[in-house]
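# Report on the structure
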Amino acid sequence: MDAKESWRRYGLRPVGADLDEIRALLREHTARERRAQGTGDTELMRLCCFQLFNSGGLDDVLLIWSAKQASFDAACSIDIEFLLGHGLDATKAHLSASRAPSATAALDRLRELEAEGEFEGFSVEERSAVYDRYYGD
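Residues numbered from 1 in each chain as written. Predicted model: local features only at pLDDT ≥ 70, side-chain atom pairs only at ≥ 80, totals over all residues. Heavy atoms only, no water.

## Notes on the packing of helix 1 (residues 3–10) against helix 2 (residues 17–35)
The N-to-C vectors of helix 1 and helix 2 enclose an angle of 165°; their axes lie 11 Å apart at closest approach. Judged on the interaxial angle alone, helix 2 and helix 1 are roughly antiparallel. Seen along the crossing, helix 1 lies across helix 2 with a hand that is left-handed. Note on element contacts: helix 2 touches helix 1 through D18, E21, I22 and L25, opposite S6, R9 and Y10. When its residues are assigned to classes, the contact of helix 1 with helix 2 shows three nonpolar, one polar and three charged. (Axes fitted to C-alpha atoms, helices over the stretch in contact; angles between N-to-C directions. Helix = DSSP H or I, 4+ residues; strand = E, 2+ residues; numbered from the N terminus. Parallel < 35°, antiparallel > 145°, perpendicular 65-115°, else oblique. Left-handed = near helix turned anticlockwise from the far one by under 90°. Contact = heavy atoms within 4.5 Å. Nonpolar A, V, L, I, M, F, W, Y, C, P; charged D, E, K, R; others polar.)

## Section: the confidence of the model for the protein chain
When the pLDDT values of the protein chain are averaged, the result is 95; 99% of them are 70 or greater. Element-level mean pLDDT values for the protein chain span from 91 in helix 8 (residues 124–136) up to 98 in helix 4 (residues 61–68). (pLDDT = per-residue confidence, 0-100.)

## A few points about the layout of surface pockets
Roughly 190 Å³ of internal volume is contained in the largest pocket. As for the largest pocket, its lining consists of A3, K4, W7, R8, E43, Y134 and Y135. Mapped onto the lining of the largest pocket, the elements with two or more residues apiece are helix 1 and helix 8. Tallying contributions element by element places helix 1 first for the lining of the largest pocket, with four residues. Its residues placed into classes, the lining of the largest pocket shows four nonpolar, no polar and three charged. (1 Å grid on protein atoms, 1.4 Å probe; cavity = no way out; pocket = protein on both sides within 12 Å on 5 of 7 lines; lining within 4 Å. Points joined across faces, edges and corners; volume = space filled by probe spheres on them.)

## Things to note about the state of the cysteines
Applying the stated criterion across every chain, the model contains zero disulfides. Of all cysteine sulfurs, the one in C49 lies closest to C76, which takes part in no disulfide; the gap is 14 Å. (Disulfide = S-S within 2.5 Å.)

## What about the pattern of salt bridges?
Considering all chains together, one arrives at eight salt bridges under this definition. Of the charged contacts in the structure, one is a salt bridge between D60 and R23, with a shortest N-O distance of 2.6 Å. Placement of D60 in the loop between helix 3 (42–55) and helix 4 and of R23 in helix 2 is noted, with a sequence separation of 37 residues between them. One exposure class covers both D60 and R23, and it is buried. Across the pair E81 and R127 runs a salt bridge, and its minimum N-O distance is 3.9 Å. Highlighted residues: E81 in the loop between helix 5 (72–77) and helix 6 (88–97) and R127 in helix 8, separated in sequence by 46 residues. Counted as one network, the salt bridges with shared partners bring together D20, R23 and D60. (Salt bridge = Lys/Arg side-chain N within 4 Å of Asp/Glu carboxyl O. Buried < 20%, exposed > 50% of the residue type's maximum accessible area, 1.4 Å probe, protein only.)

## Digging into empty space enclosed by the protein
In total, this model carries one cavity of 30 Å³ or more according to the counting rule given. Approximately 40 Å³ is the volume found for the largest cavity. For the largest cavity, the full set of lining residues is L52, F53, G56, G57, L58, D60, V61, I64, F82, L83, G85 and H86. For the lining of the largest cavity, the elements supplying multiple residues, two or more each, are helix 3 and helix 4.

Shown next, in the form of structure tokens:
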């Protein structure tokens, strides 16, 4: 499955069992991309991350972070804002409560970018609308 097929099958705001399929797809392509850059479909990974961003589930934050960290290409393709589907404060609180080393790394990066003003004026709704237009074209 590529990004176009995923978009047609699940749309930009999937729910229920579709989210489980998207998570599985993201895990699969993240593993491929970790094995060798270019073997995972980073365009599809990006779409999966946006779909999970739209669902707003805090349990998806580390999955999205893992995908972003899979390779240089993935890091460039997957926006850090995709971690923030439930908002910046809720995401930081969620990561702070986790003992996973990846949670610490993600939290450190969010705090660093926040200190640089990266998230000033950030809105889940506005970010979602930007990507709605991107994928709608």
